[in-house]
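# Secondary and tertiary structure notes
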Amino acid sequence: MKNKRHHTLIEQIAEKIGLIPNLHQETETPLDRLTEPGHLTNFPPPEKWDDWVEYEAKDWPRLSKKHYTIVPTTCFNCEAACGLTAFIDKETGQVRKFEGNPYHPASRGRNCAKGPATINQITDPDRILYPMKRKGERGEGQWERVSWDEALDDIAARIRKALLEKRNNEVVYHVGRPGHEGYMDRVLQSWNVDGHNSHTNICSSGARFGYSIWYGYDRPSPDHANADFIFLISAHLESGHYFNPHAQRIIEAKMKGAKLAVLDPRLSNTASMADYWMPSYPGTEAAVLLAMAKVILDEGLYNRPYIENWVNWKDYLKKVHPDLPVSFENYIEKIREEYREFTPEFAEKESGVKAAMIVDVARQIGKAGERFSTHNWRSASSGNLGGWAVSRCLHFLNVLTGSVGTVGGTSPSAWNKIKPKFFDTPPAQTFWNELHFPKEYPLAFFEPSFLLPHFLKEGRGRMEVYFTRVFNPVWTYPDGFTWIEALSSEQMIGMHIALTPTWNETAFWADYVLPMGLASERHDLNSYETHSGVWIAFRQPVLREAARRNGKPVTFTYEANPGEVWEEDEFWIELSWRIDPDGSLGIRKHFLSPYRPGEKINIDEYYQYIFENIAGLPEAARNAGMTELDYMKKFGAFEVETHSYKKNEKVLSAAELEGSTVDEESGLIAKNGSAIGVMVDGKPFVGFPTPSRKNEFFSQTMIDWKWPEYAIPTYIKSHIHLDHLDQSKGEYVLVPTFRLPTLIHSRSGNAKWLTEISNRNPIWMHPDDAGRIGVKTGDLLKVNTDIGYFVDKVWVTQGMKPGVVACSHHIGRWRRQQDPEGNRWAVNTVSIENDGNGGWRMRTVRNVGPFDSKDPDSKRIFWTDGGVHQNITHAVHPDPISGMHCWHQRVRLEKAGAQDRYGDIFVDTNKAHEVYKEWLKMTRPAPGPDNLRRPLWMPRALRPAKETYYFPEE
Ligand code: SF4
């Protein structure tokens, strides 16, 4: 078919006078347009992915054709792992762009700005291309290139020696961005080290604890798409957890008529889309939620059958009101008494949210009933002392309305997530590492990792080999100068290996900096609770897959990646073999091929085995005429279940029940000493993984572990409650927890498009407060924390609740003059002075600006502002129960003085250690019952052998 393009008069004149080429000379068949109506027609059809042809945009108005190989992978720029497709230019062999993957069940072809910006990251002129080893003193800023072999041998020898000398607890792996579903658990357990440490206690442990104490699962999985009423305690439409997959579904529900309420002191983009914006004073969220629970109880809007069957209300009555008959009516009467103080007026006094709005929202929730979806992730649960009580009280509303696990309700995370089956599972480690789970925090949901440098300073232990994986605590964590002090000490940390795609503030204090792949340069497995279904996705190195399609397969991923950029999966296999060269440590046997007896496993075999064991995938692959692995390489994702609800009502099979006993009073079904289910309405259901196998309104665990005052859902006054602030002295609460939608912690400084959009983090402040202090937008403000201060600019906005100030935590990246250049789109050059007595001072000496590189855009940088690093001035605030860092800060605001400059920072690490000790005093340490370190039923990220849960007998 000849091209029938219509040409404008101007085009025709331009052609005639030779200004542009003659567009009428059509010589080739034009390309099809993706305009057919129907599902997914805006994406290239997969049968053309091996040779997809598009016009070259840069050649316009010429119609020159470009041939691409399209390879799917997943985004690595937040936890959601949305699908991406890499368009690889067949001529140059380079990735040209990233678009969405329509076959990914969660993201369905859509991405936020950070997904396509992956192209910036892989072409970043400052990226680390080769393994680097430090020269001179640690932290001095001098580096030399080494080979992978040299690095592997050196690190392996250190680990081997530690293991031979039974110093297993000195080998530690600390993960920032995880995303490979159990891979490291296998590695660490094969080494027999209790070496897993994570970032979770500066992220989501508070919310996780609040959920777990209810029903044994630590995250919610809202079915937003089918909800009638949606309640959010975070900015989900713009930046919350799993936000792109969630945002799509929240909007779908809104388009069908659902209502949205957002509890947030900041008028976020999400709050601006809400039907109800409830600007609560930080830390009072639980009071608002309990007031709504009271309305639901008082007005009889609760779901009686659900509560009767699936809440341990009888335990509550028996323990708390032993004189009363055990009847549902008595239970309702007693809990109405429990919450009688939580009137809407009391909640208004605490939070500032109008009582009438609280009542209105509560009634809407009662009306929505089972179609009530909720989410709280970091936000309030990560900001406050007792923040875990926020998610606990939020789940209370789901329990009251019976919307747990229903269509349009909120399921536990594990129901919408897959656990891979591995070719080999090493035994649980036989060590308990008290640097990760110290006796003071027996209920900490994850490791209180932000206290690690304080534990090291106190001599609680040392680390011989410390891996940081896509992890930047010096910058991301509170109290970063204390981290620098610990990382600088070879007594505390024998060897520090930073596994990272890009230079960061923590890598400057490493011994090895090992370049690991970005999203399109590595293998990982992803499966998350983004909606009511279950899916699995495959992050793969796209150039490796393109090479295979071209008939040029590689052995190791670094052969296909830029420079010698590798990936962790293969790295750990090689390292494990070198730790145990003759197999005598019993490590090697866990890294043998399941298909080639006695030989080292390779990465294809590792994933082939997993994919063979995903329900439904073998059939789908067979229908497509492929192996399971090839299917995943081709499509990048697989939907295991379209919807999954009410999994607590799975009936136990005859085989599962064989040999079990039923407790007449509680209905608990036990087998081999463990509860496996519960009788409800005469049926043996699997229930929830709690001691009662039900939702635990009443927690015996809290009583057993010395917190009886929190046996039922409660409101806990935060450390930044107005009772604790002296407003006459200019004290405010600083909310530092919000994300900008376009940035991701310290991982987006290498993306020019993202830093062009967002490159400053001013202090949000209401006009009333600005007037009181006497500042206007752009003025400098000195923000005094408990351990120091930072100097930032002010942004005066009505979008902030009066009396509260906020600052995004994604900006303020830095390097010292002696450090390698990296992330120059976002990084200020600073001077750092240490007075030798705990005093640290930072000052910006050079702003962001244009620079020479192979990327012409680097000369076009028009912004100079790199923002201010606020987290480093925050003291650690470990919640004594969940172990979560309570991010909100009590700050004293004052106008900057004549000597203060934008970006100035001062911190006293001695004061920081004192604050740590003050918070430590709030704990109620183990042992608990039976000399336990931790309740046996509570999960741990890497669960050690059961015997390690008990303190050794003296
Ligand atoms: S929400 Fe954005 S950053 Fe997160 S995985 Fe999806 S595309 Fe990437």
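What counts and what doesn't
- Think of each chain on its own: its residues are numbered from 1, step by step along the sequence as written.
- With the structure being a predicted model, the display of local features is reserved for residues of pLDDT at least 70 and the display and counting of side-chain atom pairs for 80 or more, all residues being used for whole-chain, interface and lining totals.
- Where side-chain values are given, they derive from all heavy atoms of the structure, hydrogens and water being excluded.
- Two kinds of site are reported from a 1 Å grid over the protein atoms alone, namely cavities, where a 1.4 Å probe fits but cannot get out, and pockets, open sets with protein on both sides within 12 Å along at least five of seven lines, and residues are called lining when an atom falls within 4 Å of a point.
- Grid points are joined across faces, edges and corners, and a volume is the space filled by probe spheres set on the points.
- Strands are runs of DSSP state E lasting at least 2 residues, helices are runs of H or I lasting at least 4, and numbering of each runs from the N terminus.
- Basically, the charged four are Asp, Glu, Lys and Arg, the nonpolar ten are Ala, Val, Leu, Ile, Met, Phe, Trp, Tyr, Cys and Pro, and anything else, Gly included, counts as polar.
- Relative accessibility decides the category of a residue: with a 1.4 Å probe and only protein chains considered, values under 20% of the type maximum give buried, values over 50% give exposed, and everything between is partly exposed.
- Should any heavy atoms of two residues lie within 4.5 Å, those residues are counted as being in contact.
- Two strands pair if DSSP finds at least two bridges between them.
- Interaxial angle, 0 to 180 degrees, is taken between N-to-C directions of lines fitted to C-alpha atoms, where a helix line uses only the stretch in contact.
- If even one non-hydrogen atom of a residue comes within 4 Å of a molecule or strand, that residue is called near it.
- Here, nonpolar core means buried Ala, Val, Leu, Ile, Met, Phe, Trp, Tyr and Cys residues that are tied together by side-chain atoms lying within 4.5 Å of each other.
- Whether two aromatic rings pair depends on their centres lying within 6.5 Å, for rings of Phe, Tyr and Trp, where Trp uses its six-membered ring; planes under 30 degrees apart make the pair stacked, over 60 edge-to-face, and the rest tilted.
- Counted as over-ring charges are cases with an Arg CZ or a Lys NZ within 6 Å of the ring centre that also lie within 35 degrees of the ring normal.
- Note on angle classes: values under 35 degrees are labelled roughly parallel, values over 145 roughly antiparallel, values of 65 to 115 roughly perpendicular, and the remainder oblique.
- The handedness criterion is simple: a crossing whose near helix is rotated anticlockwise from the far helix by less than a right angle is left-handed, and one whose near helix is rotated clockwise is right-handed.
- Patches here are clusters of residues that have more than 30% relative accessible area and form no salt bridge, with a 9 Å joining cutoff for like charges and a 5 Å cutoff for nonpolar side chains (Val, Leu, Ile, Met, Phe, Trp, Tyr).
- In these tables, accessible area is a Shrake-Rupley quantity obtained with a 1.4 Å probe, and a residue counts as shielded only by the protein chains included in the view.
- The salt bridge definition used is simple: a Lys or Arg side-chain nitrogen within 4 Å of an Asp or Glu carboxyl oxygen.

## Quick word on empty space enclosed by the protein
Within the structure shown, the criterion is met by nine cavities of 30 Å³ or more. The calculated volume of the largest cavity comes to roughly 690 Å³. Along its surface, the largest cavity is lined by 42 residues, and Arg378, Thr737, Arg739, His745 and His809 are the ones closest to its centre. The biggest single contributor to the lining of the largest cavity is helix H14 (residues 379-383), with three residues. The residue makeup of the lining of the largest cavity, split by class, is 16 nonpolar, 19 polar and seven charged.

## Focus: the environment of Gly139
Looking at the secondary structure, you find Gly139 in the loop between strand S5 (132-135) and strand S6 (142-145). On the basis of relative accessibility, which here comes to 10%, the residue Gly139 falls in the buried class. Distance from Gly139 to Phe508, taken between C-alpha atoms, is 5.6 Å for residues 369 residues apart in sequence. Setting aside residues up to four positions removed in sequence, Gly139 forms contacts with Phe508, Trp509, Arg816 and Gln818.

## Observations concerning the sheet that holds strand S12 (residues 276-278)
The sheet built from four strands is open, its strands ordered S12-S11-S10-S13 with parallel pairing. Looking at strand neighbours, the two that pair on one side only are S12 and strand S13 (372-376), the edges of this open sheet. Averaged over all pairs of adjacent strands, the angle between strand axes in this sheet comes to 10°, irrespective of strand direction. As defined by bridge partners, strand S10 (residues 229-233) adjoins S13 across five bridges and the pair is classed as parallel. Residue pairing across strands places Phe231 opposite Thr374, the latter belonging to S13. Packed on one face of the sheet, helix H6 (residues 243-255) meets S10, strand S11 (259-263) and S13 and runs near 145° to S10. On the sheet, helix H15 (residues 388-401) packs against S10 and S13 and is oriented at approximately 170° with respect to S13.

## Examining the site of the ligand
Around the ligand sit Cys75, Asn77, Cys78, Ala80, Ala81, Cys82, Asn111, Cys112, Lys114, Gly115, Phe243 and Asn244, and that is every residue in its neighbourhood. Class assignment of the residues belonging to the shell around the ligand gives a composition of seven nonpolar, four polar and one charged.

## Let's talk about the environment of Asn226
If you trace the backbone, Asn226 turns up in the loop between strand S9 (220-222) and S10. Residues Asn226 and Ile250, 24 residues apart in the sequence, show an inter-C-alpha distance of 8.8 Å. Non-local contacts of Asn226, meaning those with residues more than four positions away in its chain, are made with Lys256, Arg371, Val407, Gly408 and Tyr645.

## So, the nonpolar core
One finds Tyr466, Val513, Met765, Leu781, Trp814 and Leu893 to be the most contacted residues of the largest nonpolar core, which totals 68 residues. Ignoring any residue separated from it by four or fewer positions in sequence, one finds Leu893 in contact with Gly730, Tyr732, Met765, Ile773, Leu781, Lys782, Val783 and Val805. In terms of nonpolar packing, the next biggest core, distinct from the first, is built from 66 residues, Ala347, Phe372, Ala380 and Leu400 among them.

## Things to note about the packing of aromatic side chains
Applying the stated rule across the entire model yields 69 aromatic pairs. Relative to Tyr606, the ring of Phe423 has its centre 6.2 Å away and its plane inclined at 80°; by these criteria the two rings are edge-to-face. Here the residue Phe423 occupies a position in the loop between strand S14 (410-412) and helix H16 (452-457), and Tyr606 occupies one in helix H21 (residues 603-612), the gap between them amounting to 183 residues. Each of the two residues, Phe423 as well as Tyr606, counts as buried. With a centroid separation of 5.7 Å and 85° between ring planes, the pair formed by Phe556 and Trp566 is classed as edge-to-face. Taken as a pair, Phe556 in the loop between helix H19 (542-549) and helix H20 (568-579) and Trp566 in the loop between H19 and H20 lie far apart in primary sequence, 10 residues in all. Lying across the ring of Phe76, Arg747 places its NZ or CZ 5.8 Å from the centre.

## As for the sheet that holds strand S15 (residues 463-469)
Spatial ordering of the open sheet is given by S6-S5-S17-S16-S15-S7-S8, a layout of seven strands whose pairing is mixed. Both edges of this open sheet fall to S6 and strand S8 (196-198), since each of them pairs with a single strand only. Between one strand and the next, the sheet's axes are offset by a mean angle of 25°, whatever the strand orientation. The sheet contact formed by S15 and strand S16 (residues 493-500) spans six bridges and is parallel. Bridged to Arg469 within S16 is Leu499. Sheet contacts for helix H18 (residues 480-488): strand S7 (171-175), S15 and S16; angle to S16, the most-contacted strand, approximately 120°. Docked against the sheet, H20 engages S7, S15, S16 and strand S17 (512-515), running at close to 160° with respect to S15.

## Some details on the packing of H21 against helix H23 (residues 628-635)
One can describe the packing of H21 onto H23 by two numbers: an axis separation of 8 Å at closest approach and a directional angle of 95°. By the angle between their directions, the pair H21 and H23 is classed as roughly perpendicular. The segment H21 lies against H23, with Asp604, Tyr607, Gln608, Phe611 and Glu612 engaging Glu628, Leu629, Met632 and Lys633. Residue composition of the contact of H21 with H23, by class: four nonpolar, one polar and four charged.

## Considering the packing of helix H5 (residues 205-215) against H15
The packing of two helices is summarised by the inter-axis angle and the distance between the axes. Close contact between H5 and H15 brings their axes to 7 Å; oriented N to C, the two are set at 45°. In terms of orientation, H5 lies oblique with respect to H15. Considering only the axes of H5 and H15, their crossing is right-handed. Each of Gly206, Ala207, Phe209, Gly210, Tyr211, Ile213, Trp214 and Tyr215 in H5 lies in contact with H15, whose residues at this interface are Trp388, Ser391, Arg392, Leu394, His395, Phe396 and Val399. Partitioning the contact of H5 with H15 into residue classes produces 10 nonpolar, four polar and one charged.

## Describing the pairing of strand S32 (residues 839-846)
Note that strand S31 (residues 828-834) and S32 share six bridges and pair antiparallel. Across the sheet, residue Val830 finds its bridge partner in S32, namely Thr844. Between the antiparallel neighbours S31 and S32 lie four residues, among them Gly836 with a positive phi of about 80°. Bridging between S32 and strand S34 (residues 905-908) involves four bridges; their strand directions are antiparallel. Residue Gly839 lies in a different strand from S34, and its bridge partner there is Asp908.

## Description of a nonpolar patch on the surface
Together, Leu9, Ile13, Ile17 and Leu19 make up a nonpolar patch on the protein surface, roughly 470 Å² of accessible area in all. Take Ile17: its relative accessible area is 60%, and that puts it in the exposed class.

## Details of unusual backbone geometry
For the bond from Trp60 to Pro61, the omega torsion is 10°, close enough to zero to count as cis. The topology assignment puts Pro61 in the loop between strand S1 (52-55) and strand S2 (65-74). For the bond from Ala926 to Pro927, the omega torsion is 15°, close enough to zero to count as cis. For Asp479, which is not a glycine, the phi torsion comes out positive at approximately 65°. Note on placement: Asp479 falls in the loop between helix H17 (473-476) and H18. Phi is positive for Arg693, which is not a glycine, with a value near 60°. Within the secondary structure, Arg693 sits in the loop between strand S24 (683-685) and helix H25 (700-704). Residue classification places Arg693 among the buried positions, given a relative accessible area of 12%.

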